[in-house]
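So you can see what is in the structure, the chains are spelled out below.
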Amino acid sequence: RSEPGLGSAFTERVGVKIIIISGLVPVIATAAYLRIMGGLCIIITILTALLVSWIAKRKIGGVTGDVLGGVNEIAEVVLLFSVIMVNRF
């Protein structure tokens, strides 16, 4: 693309402070509710979302709205799967 798409509104205007706050709040809330294993599930989910975003940046040169939607769906599945796996052990 020669011009930025809708995904740029979510990726280019986000600073480090927002990323840290938006990452720590769910980790702390989940860890408080589900103990340390819940926090671990959230951390796994965040790392997965960052990995998928990194792959998209390498493959297509950025993150589009479609990539953001895909990251959202993948993150949901990873979170649910990790909660199931944590509760088994």
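Residues numbered from 1 in each chain as written. Predicted model: local features only at pLDDT ≥ 70, side-chain atom pairs only at ≥ 80, totals over all residues. Heavy atoms only, no water.

Trainee: Can you help me understand the overall build of the protein in this one?
Mentor: Of regular secondary structure, the protein possesses three helices and zero strands. For the protein, the N- to C-terminal ordering of α and β elements is α-α-α. As presented, the protein carries roughly 6900 Å² of accessible surface, and 69% of it is formed by carbon and sulfur atoms. (Helix = DSSP H or I, 4+ residues; strand = E, 2+ residues; numbered from the N terminus. Areas by Shrake-Rupley, 256 points an atom, 1.4 Å probe, with all protein chains shown as cover.)

Trainee: I would appreciate a short explanation of the environment of Ile42 in the present structure.
Mentor: Tracing the backbone shows Ile42 in helix H2 (residues 16-60). Placed twelve residues apart in sequence, Ile42 and Thr30 show a C-alpha to C-alpha distance of 7.4 Å. With residues up to four places along the chain from it excluded, the contact list for Ile42 reads Pro26, Val27, Thr30 and Leu79. (Contact = heavy atoms within 4.5 Å.)

Trainee: What's the story with helix H3 (residues 65-88) in this structure? I'm lost.
Mentor: Spacing of three or four residues puts side chains on the same side of an α-helix, whose turn is 3.6 residues. End to end, H3 covers 35 Å across 24 residues, agreeing with the expected 34 Å (1.5 Å per residue, within 8%). In the core, the buried residues of H3 are packed alongside H2. (Expected span 1.5 Å × (residues − 1).)

Trainee: Could you clarify how one ought to interpret the environment of Phe81 in this entry?
Mentor: Within the element layout of this structure, Phe81 appears in helix H3. Phe81 sits in the exposed class, given a relative accessible area of 52%. Residues Phe81 and Thr45 lie 36 residues apart in sequence; the distance between their C-alpha atoms is 9.8 Å. (Buried < 20%, exposed > 50% of the residue type's maximum accessible area, 1.4 Å probe, protein only.)

Trainee: What exactly am I supposed to notice about the side chain of Ser82 here?
Mentor: In this structure, Ser82 sits in helix H3. The exposure class of Ser82 is buried, given its relative accessible area of 7%. Looking at Ser82, its side chain comes within polar contact range of the main-chain oxygen of Leu79, at 2.9 Å. What Ser82 contacts, discounting residues up to four positions off in sequence, is Cys41 and Thr45. (Polar contact = N/O pair within 3.5 Å; in protein donor to acceptor, adjacent residues only side chain to side chain.)

Trainee: Please clarify how a nonpolar patch on the surface should be interpreted in this entry.
Mentor: On the surface, Val16, Ile20, Leu24 and Ile28 cluster together into a nonpolar patch covering about 390 Å² of accessible area. You can see Leu24 is positioned in helix H2. (Patch = residues over 30% accessible without salt bridge, like charges linked within 9 Å, V, L, I, M, F, W, Y side chains within 5 Å. Salt bridge = Lys/Arg side-chain N within 4 Å of Asp/Glu carboxyl O.)

Trainee: What am I meant to see in the confidence of the model for the protein here?
Mentor: Atomic detail in the predicted coordinates should be set aside for any region of low pLDDT. On average, the protein scores 81 in pLDDT, and the residues at 70 or more come to 87%. When mean pLDDT is taken per element in the protein, H3 scores highest with 87 and helix H1 (residues 8-11) scores lowest with 67. (pLDDT = per-residue confidence, 0-100.)

Trainee: Help me understand H2 in this model?
Mentor: The end-to-end C-alpha distance of H2, which contains 45 residues, comes to just 23 Å, noticeably less than the 66 Å that a straight helix rising 1.5 Å per residue would cover. A maximum bend of about 145° is found in H2 at Leu34. In this fold, the buried residues of H2 make contact with H3. Phi turns positive, to about 80°, at Gly61, one or two residues after H2. (Bend = angle between axes of the 7 residues up to and from the residue.)

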